Amino acid sequence: MSLPSTQRVAQFQRFGEPTRILTDYPVPNPATLSPNECLVKMEYAGVCHTDLHARDGDLAMKPTLPRVGGHEGVGTVVAIGSGTTDSPINIGDRVGLKFLARTCLKCECCCRGSELLCASVSIHGFTVDGSFAEYAVAWTDYVTPIPSSVDSAAVTPFLCAGVTVYKGLKHIVRQPGDWIAIPGAGGGLGHLAVQYARHMGFRVIAIDSGKAKQDLCLSLGAEEWIDFRESGANLVDDITAAADGKGPHAALVTAGSVEPFNQALSYLRPGGTLVGVGLPAASFDIPFGVLMGKQLKISWSALGSPQDTVEAIDYAAQGKVKCQHSVRPLEDLDSIFADLRRGDVAGRVVIKL
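The text that follows walks through the structure, step by step, so that each part is easy to find. Since this is a predicted model, take the numbers as computed values, not measurements.

## A closer look at the sheet that holds strand β15 (residues 273–276)
And step 1. Read across the sheet, six strands follow the order β13-β12-β11-β14-β15-β16 without closing on themselves; strand pairing throughout is parallel. The sheet is open, and its two borders are formed by β13 (224–227) and β16 (297–300), each paired with just one other strand. Here the strands of the sheet are splayed against their neighbours by 15° on average, with no regard to which way each runs.
And step 2. Of the strand pairs in this sheet, strand β12 (residues 203–208) and β13 are connected by four bridges, and their pairing is parallel. Residue A206 lies in a different strand from β13, and its bridge partner there is W225.
And step 3. Sheet contacts for helix α6 (residues 211–219): β12 and β13; angle to β13, the most-contacted strand, approximately 160°.

Right under this line is the structure:
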């Protein structure tokens, strides 16, 4: 297969500055691929709040610069490194790239399903070039095969947003009919969380703002909708009242600000569970009197294992969970970031490469 020598990419060069769209970025030569590396011709890449944080450098974890951004995408394998053995994929296979580009798969953290904590982890868009490119290098043992029954654009967000909320929900010990509050329910992670939660037996309270997000959440099965801007200072009382006047049994916070985490401590019923999957650029203060007095359980969930990803995508393959998405060109990336910052994106934006 003949490959071009150059490609279009979106590169972060300095924190807080506009993304550079380069049209002459070199395409990796297949002959230079190491054993177990593969070259993927990208079709689509999802845009996540974490990409905005990566561009601006406002998280503790910062990408090395300059860096091609993006950490979720779908494409076709066009080359595999010489010397690769026991590859689970072949040239021509459609695969997904995830936040985790590669881990050792052998250490205690990897074996326990906590690959993000692996000491040798590589991360797309942070330590290695990511999915905002027409061609991306990945690893044969860490890409995810994509079922033939799903559309490439529609399945792309499941490789980060989907698996993240799916794994977060698995953290919660639940009974059928338990109430769950989902702050950020109309966003890329949140609207998928609403659907997964419904299939897991939860009754969903969707929390977000705006008519478009309200319509989306209710159409996906949320029983209750609360607009945090309209509720204002009464938000905690409104959420408590929506869950039989006792507060929800659990909260999955997908929002990217710290306020929803603090609010959840107040509205969760005694014995409730708070799981965070959003990534605020601020600290989270826990009042121990509330934590102890209500016997709350708090955990954080980031991403998921390769098996979690397969399971999350299987819901999409069965048509049980669908991603509300729009498709835009690579050149719109900074405009998409501005929309994300304002909270104007209902669902997910996917870039066509």
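## Things to note about empty space enclosed by the protein
And step 1. By the definition in use, this model includes one cavity of 30 Å³ or more.
And step 2. The space that makes up the largest cavity amounts to roughly 50 Å³.
And step 3. Lining the largest cavity we find K98, F99, L100, Y142, L159, V163, L303, G304 and T309.
And step 4. For the lining of the largest cavity, the per-class residue count stands at six nonpolar, two polar and one charged.

## Concerning the nonpolar core
And step 1. In this structure, V40, V47, F132 and I351 are the most contacted members of the largest nonpolar core, which totals 39 residues.
And step 2. Listing elements by their share of this core, those giving two or more residues are β1 (6–12), β3 (37–47), α1 (49–56), β6 (94–97), β7 (100–102), β9 (135–139), α12 (333–342) and β18 (348–352).
And step 3. Considering every element that reaches this core, the biggest residue donor is β3, with five residues.
And step 4. Of all hydrophobic cores here, the second largest spans 38 residues; its members include I182, L192, W225 and V277.

## Description of the pairing of strand β17 (residues 325–329)
And step 1. Sheet topology places β17 next to β18; five bridges connect them, and they run parallel. Looking at β18, one finds that H325 is bridged to R348.
And step 2. Note on the crossover from β17 through α12 to β18: the handedness is right-handed.

## Brief notes about the packing of aromatic side chains
And step 1. A complete count under the given rule lists six aromatic pairs for this structure.
And step 2. With centroids separated by 5.1 Å and ring planes inclined at 80°, the aromatic side chains of Y196 and Y315 adopt a geometry described as edge-to-face. Of this pair, Y196 sits in helix α5 (residues 188–199) while Y315 sits in helix α11 (residues 306–317), and the two are 119 residues apart along the sequence.
And step 3. Relative accessible area serves as the criterion here: at 0%, Y196 is assigned to the buried category.
And step 4. A residue is classified by how much of its surface remains accessible, and Y315, at 19% relative accessible area, is buried.
And step 5. An angle of 10° between the planes, with centres 4.9 Å apart, marks the rings of F261 and W300 as stacked. In this pair, F261 is assigned in helix α9 (residues 259–267) and W300 in strand β16, connecting sequence segments 39 residues apart.
And step 6. Put simply, the rings of Y166, Y196 and Y315 touch in pairs and so form one group of aromatic residues.
And step 7. In this structure, K352 is placed above the aromatic ring of Y44, and the distance from its NZ or CZ to the ring centre is 5.4 Å.

Each value, and the rule that gives it
Residues numbered from 1 in each chain as written. Predicted model: local features only at pLDDT ≥ 70, side-chain atom pairs only at ≥ 80, totals over all residues. Heavy atoms only, no water. Pairing = 2+ DSSP bridges. Helix = DSSP H or I, 4+ residues; strand = E, 2+ residues; numbered from the N terminus. Axes fitted to C-alpha atoms, helices over the stretch in contact; angles between N-to-C directions. Contact = heavy atoms within 4.5 Å. 1 Å grid on protein atoms, 1.4 Å probe; cavity = no way out; pocket = protein on both sides within 12 Å on 5 of 7 lines; lining within 4 Å. Points joined across faces, edges and corners; volume = space filled by probe spheres on them. Nonpolar A, V, L, I, M, F, W, Y, C, P; charged D, E, K, R; others polar. Core = buried A, V, L, I, M, F, W, Y, C linked by side-chain atoms within 4.5 Å. Buried < 20%, exposed > 50% of the residue type's maximum accessible area, 1.4 Å probe, protein only. Right-handed = clockwise from strand over helix to strand, strands pointing away. Phe/Tyr/Trp six-rings, centres within 6.5 Å; stacked < 30°, edge-to-face > 60°. Lys NZ or Arg CZ within 6 Å of the ring centre and 35° of its normal.

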